[in-house]
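Listed here are the chains, written in short residue letters.
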Amino acid sequence: MTRSFLLLLLLLSVMASAHGVTQPPRVVDGIIDLSDWNFRVDGPVNLEGSYEFYWQQQLGSEGFFAIDTTSADHIHVPGAWNGTMARDEPIGGFGYATYRVNVLTSERSPLALKIPDLGTSYRLIVDGKTLITVGRPGTDRADTTPAYRPTIVQFTPRSSRTELIFQVSNFHHRLGGIWLPVYLGTPQQLATLRENQLARDLILFGAILVIGLYNLALYALRTENRSSLYLGLFCILLSTRQIMVGDRFMTQVLPDLPFEWYLRIEYLGWYLAASAFIAFMRSLFPREFHRHVAAGGHALFGTGSLVVLVTPTWIFTFTSPFFQLLTVAALLYGTFVLVIAVRRRREGAVILLVAYVILFAAILSDILVNAGVLNNVLLLDLGLFVFVLCQSVLISYRFTQSFKTIEAQSAQLAATNLRLRTQEKLRRDAEVESEALHKRIAQSEKMEAIGLLAGGVAHDLNNILSTTVTYPELALLDLPEGSPLAAPLEMTRRAGLRAAAVIQDLLTLARRGVVQREVLDLNEVVGDYLASTEHDALIAEHKGVRIQTDLAEGLDNIEGSRIHLQKLLMNLVSNAIESMPGGGTVYVTTHSEYVRARDLFYMPIQSGHYVILGVEDEGTGIDPDDLDKVFEPFYTTKVMGQSGTGLGMSVVWGVVYDQGGAIDVISEKDVGTRFDVYLPRTNKPLPPRPEPKPLSELLGNGETILVVDDQADQRELTRAVLVRLGYSPTLCATGSDAIEACKETAFDLALLDMIIDDGLDGLETYKALREIRPDLKTLLLSGFAETDQVLEAQRLGAGEFVRKPFTIETIGTRIRAALRGA
């Protein structure tokens, strides 16, 4: 705590020392000399200082010729006229007067005055011309109409001296006069200044209001937590008062709202907010905050609120000094309570005490600004916001901890019950274990057959999709900006990529695709999926579903395919959501664990360190008779074609198999289901994630590239891409043609399709090319390739594998890396 105050004093001393060296001119005896002031360079001027002051007189420009101005009184602006000596006598708050200031300037271009609310009606006269009247300034209460309307008034100086006259009347407020600063500058400068102030007020209003509504929502969910109710009311009252003061934004929203109600709402927002704050502190620290003090505070602020409601403005505004002292006393007592609570180690006391320190720093800064010691912005509103935010954080933390405790206990109990019931079922089904084993073998054979079918067509489908993806991308590069063809081409390209993703699902199911393995943080994979548009669309279709995550910190790394793992998670979450037609919560968890060898529901697992992904729902559960069929291709309890293809869980099985992991399930009808995916950990560090490259970084310098592909449309497509990237391609339809071309030309790079139906296949062609040119750099291409063929070619020296359909960025990046020897 001592360090906090020392830091605060240091900050204030730095701010004081940074007080501007060059001060703008001030008004002296009713004259301000701005002859050398450049508004466009130096900015607007605060017209503060000593104005000519004529009490109980309403004078226009002509009226000054009839009086002796040398004996005029002077008054400091900004400031209320209360207590000022006029004609050697102190004056009160009620009355009327004329302020005059002469501005000496060389400007002849338009200038403007930013006038705040004055107390409490006025007329502005510039060089003898009335420019604006706010309210009706009169000579008695019956003849005066008060009004608040902060405004900007524009005028053009006609000579080197501009006379500004303010006729001010006040019979409806405790304070009268020009109590806030008046600024002079260019119209654009003052408009910007006002817009910035309004924006700041509205941001604070919105932030505090949202915090208030949030806390009221918390109270609605848990009515026994009254601190949320009191803090919510405090924030709403405070935010309401925020738009009634300052630049008084509410005057723009409700211009016809009577002056009396502006003041009533302002004062009620203060008095009732103070009472709500007392109730809030009492609810947080009932042992430290004495109930008699709370009752006294409620009684006093409640009485003040009643006075505001039933008396006119010229009466209830006189309650302000008393309640200012009472508010300060409440804050001091709150500080005392917090210090005691910190000493007793009450939960959240430190957070609130820090918020108090920030609030007091803001108040102290505003006092120093008003006293002229600092040249700084007013920080009270910001201090209040930080104070309210810290209180909300405390309540949210308490609320969350309570629910976490309840949810953890409920989850543990539910998990225990699920495990007990599942184990009971397993014991009852022990006599049919042999039959279940035969069913699993049959299922594996069925999945293998489906996999062979998928693998057989994937190559051709991806070749077809290559034209759908790459040609639109080439066209987009050459289209002029704003072309009507851009959107349809982009939609076509994205449709091709989505179709390629479906093919990749089939390859995952078949376990025939080349898996691009990398070191991954499973928490990052989960976060990327939950932030994806696919997940957002899924949640949008199921309004009553909520996703809750519990991702362990410091999770071990895994090695695998990012795309496949996201597909796995997407299918598990999608199935979980669709099992809850009436809504509910899906729990996604991760943690690291050392697992001893044992039998899971579907397969055995070996001893070792694993990263475990859990997905649990509160849905209809899986019938015990259907558990063995969950991972069968095209098996689904939903309507085929409406809620899926029947491949989702088969893809999950294929991904788990490819990752060298295991999967377990616990399910009970009408209670819920939980899948646990066990993924082996790796000790390898995470690599940095690549960033997209601009096309200019992908362009070549005319390097010669040999393209080997048995499909004519694929050769032509690849040629178009290479030419667009600045390369010189040579096309070959067979491995034999490629060998002959390589004998005649020293190519810089070869792009080799791994599936060639005519003659030599991709691996045989690569071996032959390597005998001719051992240093020939090669990239392997295919819509589908046997993993062992790719790995064998790479073992012999081939470069990276690029799966079709590819994007221009993908192929361009791989070619540049290969040519540079990266």
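See above for the structure.
The model shown is predicted, which means the values in this text are computed figures rather than measured ones.

Caption draft 1: Molecular detail of the pairing of strand S20 (residues 608-616). Judged by how many residues are buried, S20 sits mostly within the fold: eight of nine residues are covered. Pairing geometry for strand S17 (residues 584-595) and S20, over nine bridges, is antiparallel. The partner of Val 595 across the bridge, within S20, is Gly 608. Relative to strand S22 (residues 672-682), S20 is paired through seven bridges, and the arrangement is antiparallel. Bridged to Ile 612 within S22 is Tyr 678.

Caption draft 2: Inspection of the nonpolar core at higher detail. The biggest cluster of nonpolar side chains holds 51 residues, and the ones touching the most others in it are Phe 234, Met 281 and Phe 285. Listed by contribution, the elements that provide at least two residues to this core are helix H3 (187-221), helix H4 (226-242), helix H6 (259-284), helix H7 (291-310), helix H9 (320-343), helix H10 (349-370) and helix H11 (380-428). Excluding residues that lie within four positions of it along the chain, Phe 285 makes contacts with Val 337, Leu 338, Ala 341, Arg 346, Glu 347, Ala 349 and Leu 352. With 47 residues, the next largest nonpolar core counts Leu 520, Val 525, Leu 565 and Leu 679 among its residues.

Caption draft 3: Looking closely at H4. Under the 1.5 Å per step criterion, the end-to-end length of H4 is 24 Å for 17 residues, consistent within 8% with the ideal 24 Å. Considered for burial, the residues of H4 that qualify are Ser 227, Ser 228, Leu 229, Leu 231, Gly 232, Phe 234, Cys 235, Leu 238, Ser 239 and Gln 242.

Caption draft 4: Representation of the packing of aromatic side chains in the model. Scanning all chains against the criterion turns up 20 aromatic pairs. Aromatic pair Tyr 267 and Phe 316: ring centres 5.4 Å apart, planes at 70°, arrangement edge-to-face. One end of the pair, Tyr 267, is in helix H6; the other, Phe 316, is in helix H8 (residues 313-316), with 49 residues separating them in the sequence. According to the relative accessible area criterion, Phe 316 is buried, its value standing at 0%. An angle of 55° between the planes, with centres 5.1 Å apart, marks the rings of Trp 270 and Tyr 271 as tilted. A single burial state applies to Trp 270 and to Tyr 271, both of which are buried. Grouped by ring-pair contacts, the aromatic residues Tyr 267, Trp 270, Tyr 271, Phe 301, Phe 316, Phe 322 and Phe 323 constitute a single cluster. Directly above the ring of Tyr 148 sits Arg 248, whose terminal nitrogen or CZ lies 3.8 Å from the centroid.

Caption draft 5: Representation of the sheet that holds strand S13 (residues 183-185) within the structure. Across the sheet, four strands lie side by side as S2-S13-S8-S11; this open sheet has antiparallel pairing. Each of the sheet's edge strands pairs with one partner strand only, and the pair in question is strand S2 (45-46) and strand S11 (151-155). Along the sheet, H3 makes contact with strand S8 (111-115), S11 and S13, crossing S8 at roughly 25°.

Caption draft 6: Spotlight on the pattern of salt bridges. Tallying each qualifying case throughout the model produces 26 salt bridges. Glu 52 is paired through a salt bridge with Arg 100; the nearest N and O atoms lie 3.0 Å apart. Taken together, the residues Glu 52 in strand S3 (residues 49-55) and Arg 100 in strand S7 (residues 95-105) connect sequence positions 48 residues apart. Residue Glu 52 shares its accessibility class with Arg 100, and that shared class is buried. As a salt-bridge pair, Glu 288 and Arg 346 come within 2.7 Å of each other at their nearest N and O atoms. Separated by 58 residues along the polypeptide, Glu 288 in the loop between H6 and H7 and Arg 346 in the loop between H9 and H10 bring together distant segments of the chain. According to the relative accessible area criterion, Arg 346 is partly exposed, its value standing at 28%. Here the salt bridges do not stand alone but share partners, grouping Asp 117, Arg 241, Arg 248 and Glu 266 into one network.

Caption draft 7: Unusual backbone geometry, seen in detail. The residue after Val 77, namely Pro 78, is reached through a cis peptide bond having omega 5°. A cis amide bond links Lys 804 with the next residue in sequence, Pro 805, at an omega value of -5°. Position of Pro 805 relative to the elements: it lies in the loop between strand S27 (801-803) and helix H22 (808-819). With phi around 55°, Gln 56 is a residue other than glycine that occupies positive phi space. For Asp 670, which is not a glycine, the phi torsion comes out positive at approximately 65°. Mapped onto the elements, Asp 670 comes out in the loop between strand S21 (662-668) and S22.

Caption draft 8: Geometry of the environment of Thr 120. With respect to the helices, strands and loops of the structure, Thr 120 is situated in the loop between S8 and strand S9 (121-126). On the basis of relative accessibility, which here comes to 0%, the residue Thr 120 falls in the buried class. C-alpha of Thr 120 to C-alpha of Gly 176: the two residues are 56 residues apart in sequence and 6.5 Å apart in space. Once residues within four sequence positions are removed from consideration, Thr 120 is found in contact with Pro 146, Ala 147, Ser 169, Asn 170, Phe 171, His 172, His 173, Trp 179 and Phe 259. One polar contact links Thr 120 to Asn 170, side chain to side chain, over a distance of 3.0 Å.

Caption draft 9: A look at the packing of H6 against H9. Here H6 crosses H9 at 20°, and the two axes come no closer than 11 Å. Compared by their axis directions, H6 and H9 come out roughly parallel. For H6 against H9, the interelement crossing comes out left-handed. Contact residues: Tyr 267, Trp 270, Tyr 271 and Met 281 in H6; Ser 320, Phe 323, Gln 324, Thr 327, Gly 334 and Leu 338 in H9. Here the residues of the contact of H6 with H9 are counted per class, giving six nonpolar, four polar and no charged.

Caption draft 10: Main features of the sheet that holds strand S24 (residues 728-732). Pairing within the open sheet is parallel, and its five strands lie in the order S24-S23-S25-S26-S27. Every interior strand has two partners, whereas the edge strands, S24 and S27, have only one. Looking at each pair of strands side by side, their axes are set apart by 20° on average, direction ignored. Relative to strand S26 (residues 777-782), strand S25 (residues 749-753) is paired through five bridges, and the arrangement is parallel. Note on S26: the bridge partner recorded for Leu 752 is Leu 780.

Caption draft 11: Quick peek at a nonpolar patch on the surface. Taken together, the side chains of Trp 261, Leu 306, Leu 309 and Val 310 define a hydrophobic patch exposed on the protein surface, amounting to about 410 Å² of accessible area. No other element matches the three residues that H7 contributes to the nonpolar patch. Topologically, Trp 261 is positioned in helix H6. Here Trp 261 falls in the partly exposed class, since its relative accessible area comes to 39%.

Caption draft 12: Fine view of the pairing of S25. Here S25 lies mainly inside the structure; five of its five residues are buried. As defined by bridge partners, strand S23 (residues 704-708) adjoins S25 across four bridges and the pair is classed as parallel. Looking at S25, one finds that Val 708 is bridged to Leu 752. Between the parallel elements S25 and S26, the chain passes through helix H20 (residues 762-772) in a crossover that is right-handed.

Caption draft 13: Looking closely at the environment of Asn 82. You can see Asn 82 is positioned in the loop between strand S4 (73-77) and strand S5 (85-86). Looking at Asn 82, the relative accessible area reads 28%, which means it is partly exposed. Separated by 93 residues in the primary sequence, Asn 82 and Leu 175 have C-alpha atoms spaced 6.3 Å apart. If we skip the residues at most four places from it in the chain, Asn 82 touches Ile 91, Gly 92, Gly 93, Arg 174, Leu 175 and Gly 176. Separated by 2.8 Å, the side chain of Asn 82 and the backbone oxygen of Arg 174 make a polar contact.

Caption draft 14: Just the side chain of His 172, in detail. Positionally, His 172 belongs in the loop between strand S12 (161-170) and S13. When sequence neighbours within four positions are dropped, the list of residues in contact with His 172 reads Phe 94, Thr 120, Arg 141, Thr 144, Pro 146, Phe 259, Leu 263, Thr 313 and Trp 314.

Calculation criteria
Residues numbered from 1 in each chain as written. Predicted model: local features only at pLDDT ≥ 70, side-chain atom pairs only at ≥ 80, totals over all residues. Heavy atoms only, no water. Buried < 20%, exposed > 50% of the residue type's maximum accessible area, 1.4 Å probe, protein only. Helix = DSSP H or I, 4+ residues; strand = E, 2+ residues; numbered from the N terminus. Pairing = 2+ DSSP bridges. Core = buried A, V, L, I, M, F, W, Y, C linked by side-chain atoms within 4.5 Å. Contact = heavy atoms within 4.5 Å. Expected span 1.5 Å × (residues − 1). Phe/Tyr/Trp six-rings, centres within 6.5 Å; stacked < 30°, edge-to-face > 60°. Lys NZ or Arg CZ within 6 Å of the ring centre and 35° of its normal. Axes fitted to C-alpha atoms, helices over the stretch in contact; angles between N-to-C directions. Salt bridge = Lys/Arg side-chain N within 4 Å of Asp/Glu carboxyl O. Polar contact = N/O pair within 3.5 Å; in protein donor to acceptor, adjacent residues only side chain to side chain. Parallel < 35°, antiparallel > 145°, perpendicular 65-115°, else oblique. Left-handed = near helix turned anticlockwise from the far one by under 90°. Nonpolar A, V, L, I, M, F, W, Y, C, P; charged D, E, K, R; others polar. Patch = residues over 30% accessible without salt bridge, like charges linked within 9 Å, V, L, I, M, F, W, Y side chains within 5 Å. Areas by Shrake-Rupley, 256 points an atom, 1.4 Å probe, with all protein chains shown as cover. Right-handed = clockwise from strand over helix to strand, strands pointing away.

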